[in-house]
Amino acid sequence: MLAARWHAARDVRLEEVPEPVPGPGEVLVEVACAGICGTDVSEYRDGPHMIRSGPVTLGHEWSGRVTALGMQVSGVEPGQRVCGDACIRCGTCEWCRRGEYNICRSGASVGLHRDGAFARYLTVPAYTLVPLPDAVSNAAGALVEPLAVGLHAVRQGRVTPGDSVAVVGFGMVGCAALLAARAAGAARIAVVEPRPERLRLATELGGEPAGRNRFDVVIECSGLAEAMPAALEMVRRGGRLVLAGIAHTPATVDLGRIVYYEREVIGALGYRYDLERVVALLAAGRLDVSPLLCPPISLAEILGGGFERSLNDPAAPLRVLVNPA
Ligand SMILES: [Zn+2]
Ligand SMILES: [Zn+2]
């Protein structure tokens, strides 16, 4: 089968590889739809960042259908429509036992540390599967994973009905945070985003310009170290700053601005048991992702129409979707 495999920065190849065989505890999935994440694009641009060794088939946001079961798999049936939690965990460390598997001591990710979804088939541990009801399309199913990142950030920020929320940086995580904050009952959601195309989409989804206000919860999704001081100043006295973006350089923040105002600063990494909630919200019509959906490209188009376009075209959709079949 054809697979999009990362070998090095600027070296993602479409290659013929053998169809994978599910090992013990694993299932074989035929991929219906897969999304190109900013992480994939940054691994292509100047990686490796999270990848430890190549070559590896990219793709950790996907929906599909179970086609075969390995040994010791129960509770899953062939034919079942599913999406996948990308988080590979040990299941035995202190954090896994607390249910905080996203901060597992030996955590890893599908599509970065083992072969992912930019191919017709992938194998994943059965514990990562989340069933998709008929009401959730394959395209929406491929968005469940990034939406879960936004929902986790909103949950870490303890957003409650009536809160004012600000989202800094309107990439996919910022967009997911906006949608999740709306679903959580936020009264106002302001968005800070310099790119006009992105700000337009934010407005379409119910966001508004931030102005000079302060907010109950600020969710930082840009991952830019230089955005941190301003993001902190947007938090009201006693409010919360959630860091959902990952800065690659140290940020300079006056800690007095946290202490004197009794602000909280909270990290949010990935998600834990949030995909199930996202699927439930999608099925209930409480997360409208229709403005994010666009016709999927084929695997053969993934370099030009996917990676290069996401890097260079400001009008590229937030998520380029791929149909690898
Ligand atoms: Zn991702
Ligand atoms: Zn663990």
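Trainee: Give me the pairing of strand 14 (residues 215-220): which residues, what numbers.
Mentor: Counting buried positions along strand 14 yields six of six residues, so the element is predominantly enclosed. Relative to strand 14, strand 11 (residues 164-168) runs parallel, the two sharing four bridges. For V165, the partnering residue across the bridge sits in strand 14 and is V217. Note: strand 14 against strand 15 (residues 235-243), five bridges, orientation parallel. Paired with F215 across the bridge in strand 15 is V235. Once the chain exits strand 14 it traverses helix 7 (residues 228-233) before rejoining the sheet at strand 15, and the crossover so formed is right-handed.

Trainee: Break down the environment of G270 for me, with residues and values.
Mentor: By the element assignment, G270 lies in the loop between strand 16 (264-267) and helix 9 (275-283). Non-local contacts of G270, meaning those with residues more than four positions away in its chain, are made with A148, V149 and H152.

Trainee: Break down the domain arrangement of the protein for me, with residues and values.
Mentor: Each assigned domain of the protein is listed here: domain 1 (2-143 + 293-323) and domain 2 (147-267). Computed from C-alpha coordinates alone, the two centres of domain 1 and domain 2 are separated by 27 Å. Each side of the interface is counted separately: domain 1 has five residues, and domain 2 has nine residues. Summed over both partners, the interface of domain 1 with domain 2 buries about 670 Å², with 65% contributed by carbon and sulfur atoms. Contact with domain 2 buries area across many residues of domain 1, yet L143, P314 and L318 alone supply 70% of it, more than any other trio. Our count for the contact surface shared by domain 1 and domain 2 stands at zero salt bridges. On the surface where domain 1 and domain 2 come into contact, there are one residue pair in polar contact (both at pLDDT 80 or more). Residue composition of the side of domain 1 that touches domain 2, by class: three nonpolar, one polar and one charged.

Trainee: Could you give an account of the coordination of the zinc ion (ligand 1), naming the residues involved and the relevant values?
Mentor: Distances from the zinc ion (ligand 1) to its protein donors, C37 (SG) and H60 (NE2), fall within 2.1 to 2.3 Å. Residue C37 is located in the loop between strand 3 (26-35) and helix 1 (38-46), and its partner H60 is located in the loop between strand 4 (56-57) and strand 5 (61-69); the two are separated by 23 residues in the primary sequence. Using a relative accessible area of 10% as the deciding quantity, one classes C37 as buried.

Trainee: Outline the packing of aromatic side chains, supporting the account with residue identities and numerical values.
Mentor: All chains considered together, the criterion is met by three aromatic pairs. Look at F118 and F307: their rings are 6.3 Å apart centre to centre, the planes differ by 80 degrees, and that puts the pair in the edge-to-face class. One end of the pair, F118, is in the loop between strand 8 (108-109) and strand 9 (121-125); the other, F307, is in helix 10 (residues 302-312), with 189 residues separating them in the sequence. We note that F118, like F307, is buried. In this structure an aromatic cluster arises from ring pairing among Y44, F118 and F307. We note R263 situated over the ring of Y261; from NZ or CZ to the ring centre the distance is 4.3 Å.

Trainee: Hey, could you go over the sheet that holds strand 12 (residues 188-192) for me, with residue numbers and the actual values?
Mentor: With parallel pairing, six strands are arranged side by side in an open sheet as 13-12-11-14-15-16. Bordering the open sheet on either side are strand 13 (208-209) and strand 16, each of which pairs with just one other strand.

Trainee: How would you sum up the nonpolar core? Please name residues and give values.
Mentor: In terms of nonpolar packing, the biggest core is built from 91 residues, with W62, F118, L147 and I219 touching the most fellow members. With nine residues, the top contributor of residues to this core is helix 5 (residues 172-183). By size, the runner-up hydrophobic cluster in this structure holds 12 residues, among which are A166, V218, V235 and I258.

Trainee: Before we move on, could you go through the coordination of the zinc ion (ligand 2) and cite the residues and values that matter?
Mentor: Donor atoms from the polypeptide that coordinate the zinc ion (ligand 2) comprise C90 (SG), C93 (SG), C96 (SG) and C104 (SG), at 2.3 to 2.4 Å from the metal. Each of the four donor atoms around the zinc ion (ligand 2) contributes to a set of angles spanning 105 to 117 degrees, which defines the coordination as tetrahedral. The sequence pattern formed by the donor residues of the zinc ion (ligand 2) is C-x2-C-x2-C-x7-C. Of this pair, C90 sits in the loop between strand 7 (87-88) and helix 2 (94-97) while C104 sits in the loop between helix 2 and strand 8, and the two are 14 residues apart along the sequence. By relative accessible area, C104 is classed as buried at 9%.

Here is what the cut-offs are and how they apply
Residues numbered from 1 in each chain as written. Chains lettered and ligands numbered in written order. Predicted model: local features only at pLDDT ≥ 70, side-chain atom pairs only at ≥ 80, totals over all residues. Heavy atoms only, no water. Buried < 20%, exposed > 50% of the residue type's maximum accessible area, 1.4 Å probe, protein only. Helix = DSSP H or I, 4+ residues; strand = E, 2+ residues; numbered from the N terminus. Pairing = 2+ DSSP bridges. Right-handed = clockwise from strand over helix to strand, strands pointing away. Contact = heavy atoms within 4.5 Å. Domains from an automatic or database assignment. Buried area = accessible area lost by both parts, 1.4 Å probe. Salt bridge = Lys/Arg side-chain N within 4 Å of Asp/Glu carboxyl O. Polar contact = N/O pair within 3.5 Å; in protein donor to acceptor, adjacent residues only side chain to side chain. Nonpolar A, V, L, I, M, F, W, Y, C, P; charged D, E, K, R; others polar. Donors = N, O, S within 2.8 Å, 3.2 Å for Na, K, Ca; no water. Phe/Tyr/Trp six-rings, centres within 6.5 Å; stacked < 30°, edge-to-face > 60°. Lys NZ or Arg CZ within 6 Å of the ring centre and 35° of its normal. Core = buried A, V, L, I, M, F, W, Y, C linked by side-chain atoms within 4.5 Å. Tetrahedral: all angles 85-135°; square planar, octahedral: opposite > 155°, others 65-115°.

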